[in-house]
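Fold and contact review
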Amino acid sequence: WTGGTAGQAEASLAELAALAETAGSEVLEGLVQRRDKPDAATYIGSGKADELRQVVVATGADTVICDGELTPAQLTALEKVVKVKVIDRTALILDIFAQHATSREGKAQVSLAQMEYMLPRLRGWGESMSRQAGGRAGSNGGVGLRGPGETKIETDRRRIRERMAKLRREIKAMKAARDTKRTRRLRNRIPSVAIVGYTNAGKSSLLNALTGSGVLVQNALFATLDPTTRRAALPDGREFVLTDTVGFVRHLPTQLVEAFRSTLEEVADADLLMHVVDGSDPLPTEQIKAVREVVTEVLRESDAPAPPELIVVNKIDAAEPVMLMQLRGLLPDAVFVSARTGEGLDELRDRLAGLLEDPDVEVEVMLP
Ligand code: GDP
């Protein structure tokens with residue numbers, strides 16, 4: 001259930017399948033259930049749950065992935081019917097981010113997000129644990145580990161909270177180090193461009209095309225997790241830095257928006273946002289909306305005014321001509337390019353040069 005149109009449900013499910021494959025799963029079967037709202041007990045409703053059980057038996061699947069965020073109770077109830085592991089979109093996305101994070105800061109941020117997701121979901125497991133322990137608070141073993149009157153679940157929660165607090169402190173320290181670097185860059189007044197965009201839109205490819213560097217390009221969701229910064233030259237000879245940010249997806253878990261806030265701060269102090277859109281996507285406007293939501297959310301916390309946005313429609317070599325025409329009408333200020341063929345890249349460089357004011361000129365104007 002997605003609460004949107006049939007087309008949106010299909011696109012969301014296709015993306016979920018791609019995400020599952022990125023996480024290393026083999027996708028066997030897709031099942032769509034349309035409801036006005038999720039079923040309170042099993043999320044998809046008991047009839048559909050029975051049908052799902054049949055599909056699980058027929059295909060031999062060992063996991064069911066739901067496109068949405070289920071409550072802990074819904075997860076447990078659905079697992080009872082389908083008799084295999086049930087995970088939701090949020091858990092899947094968190095898992096992929098955990099697999100792909102490379103920097104120390106990125107890893108710490110994903111761990112924090114996973115713990116945040118886990119904390120309210122400890123209940124089912126904790127209850128059975130405390131049943132095993134006789135259900136009495138503070139009873140049965142755990143010498144020296146539990147405080148007086150503390151149940152297993154409370155101990156677990158407390159430990160997780162402590163680890164979360166420690167992670168937050170570490171992230172804060174790492175952020176301070178990054179801020180110093182950023183201040184140095186700002187002092188040197190090198191204009192900066194932050195690339196934002198939906199995952200797989202071609203952000204890394206464009207970064208490569210503009211800077212001539214070999215950043216990993218992968219036809220998989222989330223190849224880009226940690227920001228990459230490269231220097232490049234404008235047609236007028238000035239230098240600028242280009243930063244690739246994380247890829248966005250539909251329904252990015254709120255835990256991740258929070259966790260990646262400091263990484264996405266690159267967005268807040270950029271002189272320009274280069275918003276890359278996949279022109280060959282059937283629903284590019286949905287992508288644009290999803291990305292803008294996250295960017296707005298991130299910028300809300302910062303005092304700086306939002307940087308101007310340049311929309312770059314990429315993959316025009318692969319896009320439907322009709323779709324391109326529609327997009328040109330909808331986005332009159334956008335630049336249309338192909339990172340693959342190089343088409344439109346000169347125009348993009350010229351537009352960037354025009355939009356990135358020359359800081360030296362600004363200083364001259366201010367002199368008496
Ligand atoms: P990112 O996730 O936004 O960084 O996207 P990538 O740069 O990793 O590219 C995702 C996929 O799209 C890769 O398979 C690229 O080869 C492909 N791609 C990127 N730019 C273009 C383009 O201009 N045309 C076509 N046809 N494919 C492209």
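Up top is the structure.
1. Some words on the packing of aromatic side chains
If you walk through the whole model with that rule in mind, you get zero aromatic pairs. Over the aromatic face of Phe 336 sits the side chain of Arg 328, whose NZ or CZ is 4.2 Å from the ring centroid.

2. Focus on the pattern of salt bridges
In this structure the tally under the stated criterion is twelve salt bridges. With a shortest N-O distance of 3.2 Å, Arg 168 and Glu 116 are connected by a salt bridge. Of the two residues, Arg 168 sits in helix 7 (residues 152–187) while Glu 116 sits in helix 5 (residues 104–118), which places them 52 residues apart along the sequence. Judged by its relative accessible area of 42%, Arg 168 is partly exposed. Looking at Glu 116, the relative accessible area reads 24%, which means it is partly exposed. Two residues, Arg 349 and Asp 346, come together in a salt bridge whose shortest N-O distance is 3.1 Å. Taken together, the residues span about one helical turn, with Arg 349 and Asp 346 both in helix 13 (residues 345–355) at a distance of three residues.

3. Quick look at the sheet that holds strand 7 (residues 309–314)
If you trace the six strands from one edge of the open sheet to the other, you get 4-5-3-6-7-8, paired in mixed fashion. This sheet does not close on itself; its edge strands, each paired only once, are strand 4 (228–233) and strand 8 (335–336). As defined by bridge partners, strand 6 (residues 272–278) adjoins strand 7 across six bridges and the pair is classed as parallel. The residue of strand 7 that forms the bridge with Asp 278 is Asn 314. Strand contacts of helix 13: strand 3 (192–197), strand 5 (239–244), strand 6, strand 7 and strand 8, with the helix running at about 175 degrees to strand 7, the strand carrying the most contacts.

4. Topic: the pairing of strand 3
Of all six residues in strand 3, six are buried, a share of seventy percent or more. Every second residue of strand 3 is oriented toward a common face, with Ser 192, Ala 194 and Val 196 on one face and Val 193, Ile 195 and Gly 197 on the other, all of them buried. Pairing between strand 3 and strand 5: four bridges, direction parallel. Directly across from Ile 195, in strand 5, lies its bridge partner Asp 244.

5. Notes on unusual backbone geometry
Unusually for a residue other than glycine, Tyr 43 sits at a positive phi of about 75 degrees. Along the chain, the position of Tyr 43 falls in the loop between helix 1 (6–22) and helix 2 (46–59).

6. Describing the side chain of Asp 67
Among the secondary structure elements, Asp 67 is positioned in the loop between strand 1 (63–66) and helix 3 (72–82). Residue classification places Asp 67 among the buried residues on the basis of a relative accessible area of 11%. Looking at Asp 67, its side chain comes within polar contact range of the side chain of Arg 89, at 2.4 Å.

7. Regarding helix 1
For helix 1, spanning 17 residues, the distance from its first C-alpha to its last is 24 Å, which sits close to the expected 24 Å at 1.5 Å a residue. Of the surrounding secondary structure, the elements contacted by the buried residues of helix 1 are strand 1 and helix 4 (89–100). Downstream of helix 1 by a residue or two, Gly 24 has a phi angle that is positive, lying close to 95 degrees.

8. Things to note about the side chain of Lys 48
Along the chain, Lys 48 falls in helix 2. Among the residues examined, Lys 48 registers a relative accessible area of 15% and is labelled buried. A polar atom in the side chain of Lys 48 sits 3.2 Å from the backbone oxygen of Val 32.

9. Quick word on the nonpolar core
Ranked by size, the top nonpolar core spans 23 residues in total, and within it Val 193, Leu 206, Phe 240, Met 274, Leu 348 and Leu 352 carry the most contacts. Elements with a minimum of two residues in this core: strand 3, helix 8 (203–211), strand 5, strand 6, strand 7 and helix 13. For this core, the element with the most residues is helix 13, which contributes four residues. The contact partners of Met 274, leaving out residues within four places of it in the chain, are Val 193, Ala 194, Ile 195, Val 196, Leu 206, Leu 210, Leu 310, Val 312, Leu 348 and Leu 352. Counting 14 residues, the second largest nonpolar core, distinct from the first, contains Leu 19, Ile 93, Leu 94 and Ile 96.

Conventions we followed
Residues numbered from 1 in each chain as written. Predicted model: local features only at pLDDT ≥ 70, side-chain atom pairs only at ≥ 80, totals over all residues. Heavy atoms only, no water. Phe/Tyr/Trp six-rings, centres within 6.5 Å; stacked < 30°, edge-to-face > 60°. Lys NZ or Arg CZ within 6 Å of the ring centre and 35° of its normal. Salt bridge = Lys/Arg side-chain N within 4 Å of Asp/Glu carboxyl O. Helix = DSSP H or I, 4+ residues; strand = E, 2+ residues; numbered from the N terminus. Buried < 20%, exposed > 50% of the residue type's maximum accessible area, 1.4 Å probe, protein only. Pairing = 2+ DSSP bridges. Contact = heavy atoms within 4.5 Å. Axes fitted to C-alpha atoms, helices over the stretch in contact; angles between N-to-C directions. Polar contact = N/O pair within 3.5 Å; in protein donor to acceptor, adjacent residues only side chain to side chain. Expected span 1.5 Å × (residues − 1). Core = buried A, V, L, I, M, F, W, Y, C linked by side-chain atoms within 4.5 Å.

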